[in-house]
Amino acid sequence: MKTFLQIYIVVILFAFLGSCQGQNRTFQLNENKSQKEIEILNNIHVIQEVDTLLTPNAPSRITRKIRNDKEGNLLFASYKDIIRYDGTSFTNLTKEEGLDSYDAFDVLEDKNGNIWIASTHLGVFLHDGKTHTLFTTNEGLTHNRSMCLYEDKGGNIWIGGLGGASFYDGNSFRNFTTKEGLTNNDINIIMEDKTGKIWFGTRGTVCVYDPSPRLAGNRFTEIRNNQGVPFTNVWSIIEDKKGNIWIGGNDGLWRYNGSSFINFTSESIACVYEDKNGNIWTTNPGGTLTQYDEKSLLNEKATGIQIFIGGGMLFGISEDKNGNIWVGTLNGVYRYDGNTFKYFKDTMVKK
């Protein structure tokens, strides 16, 4: 019995040592990889720390949309203010006398250099560099609650909001609502594809408008996935460099190649953005910034890499002239340079 017990102990010890050696080998293999490679293998690259930069006039309110102007500078719709960043400093767009806040949801510079501002309560502002104009329902706007802006290839301005979509040709408004075939009157996003069709992401479903004069009757088509299920509460629609349509909303992230859809995640999406290298970036209401590498998207089952998980909601995304990724938050903006995150705080640098 004693001999048997001794043999048993020896066997256990060898098993334990073998296990330890296996663990050590695994550790050594991981040590030979960079931390970034390990994180990518685990589909996560979460930034642990965020540096704060005290910068005059930096966005400090909820920033839902970030756009590029004609010169490649950034425009931030930071609720109270519209702020331009030229790569060095932030500058507030001058408000009309007596106006305290734009209540801005979106901002756009058109091909003529005019600045358009979608206001959540006041209508739509137009700055032409000399004068300030406010468009409301009195001028023909469908509703004074405006949520998104888009300039089509013809230079016309589309405005989406609570009452449907308004089309402005430089002289007058033409409105589209459910009476004209729109699937929902609460518009979150508008986008024109390469064929000239206009996509609408709504609080209800997604639909496409075909402006072709050859068509008669209802020119709106509701878009559904491969199972025939409509999308819901879509906040972002883009067309990538390859002509694919990306849809982000309550149903997650989807890619449409013109004939079928691929779903990459069921997680709710706030914004979808393609950078100059063809990578796809997303934000979600939970505060996560995710990147889908351009090469990985050749795989229909590609999984995004979580770059950052913040403490609050994340919104609009844009890339600056230097390739940095900017992200809107509840209290301003982050900048990601590929390695670190910077948070810009509107405070004068202390001497």
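Conventions and cut-offs
- Residues numbered from 1 in each chain as written.
- Predicted model: local features only at pLDDT ≥ 70, side-chain atom pairs only at ≥ 80, totals over all residues.
- Heavy atoms only, no water.
- Pairing = 2+ DSSP bridges.
- Helix = DSSP H or I, 4+ residues; strand = E, 2+ residues; numbered from the N terminus.
- Axes fitted to C-alpha atoms, helices over the stretch in contact; angles between N-to-C directions.
- Phe/Tyr/Trp six-rings, centres within 6.5 Å; stacked < 30°, edge-to-face > 60°.
- Buried < 20%, exposed > 50% of the residue type's maximum accessible area, 1.4 Å probe, protein only.

Visitor: Explain the sheet that holds strand β14 (residues 187-192) to me, please; I cannot follow it from the model alone.
Guide: Sheet strands pair by backbone hydrogen bonding; their relative direction is either parallel or antiparallel. On the basis of which strands lie adjacent, the open sheet formed by four strands has the order β14-β15-β16-β17 and antiparallel pairing. The two strands at the open ends of the sheet, each matched to only one other strand, are β14 and β17 (220-223). Strand after strand, the sheet turns through a mean of 25° between neighbouring axes, direction not considered. Note: β14 against strand β15 (residues 198-202), five bridges, orientation antiparallel. When the sheet's bridge partners are listed, Ile189 is paired in β15 with Gly201.

Visitor: Looking at this structure, I do not really get the packing of aromatic side chains. What am I missing?
Guide: Note on aromatic pairs: each is described by the distance of the centres and the angle between the planes. Taken as a whole and assessed by the stated rule, the structure comprises 36 aromatic pairs. Taken together, the ring pairs in this structure connect Trp158, Phe167, Phe176, Phe200, Tyr209 and Phe220 into an aromatic cluster.

Visitor: Any chance you could explain the pairing of strand β6 (residues 104-109) here in plain terms?
Guide: Successive residues of a regular strand alternate their side chains across the two faces of the sheet. Summarising burial for β6: six of the six residues are buried, a large majority. Taken together, the five bridges between β6 and strand β7 (residues 115-119) define a ladder with antiparallel strand orientation. For Ala104, the partnering residue across the bridge sits in β7 and is Ser119. Hairpin connection, β6 to β7: the antiparallel pair is bridged by five residues, and Gly113 has positive phi, about 90°.

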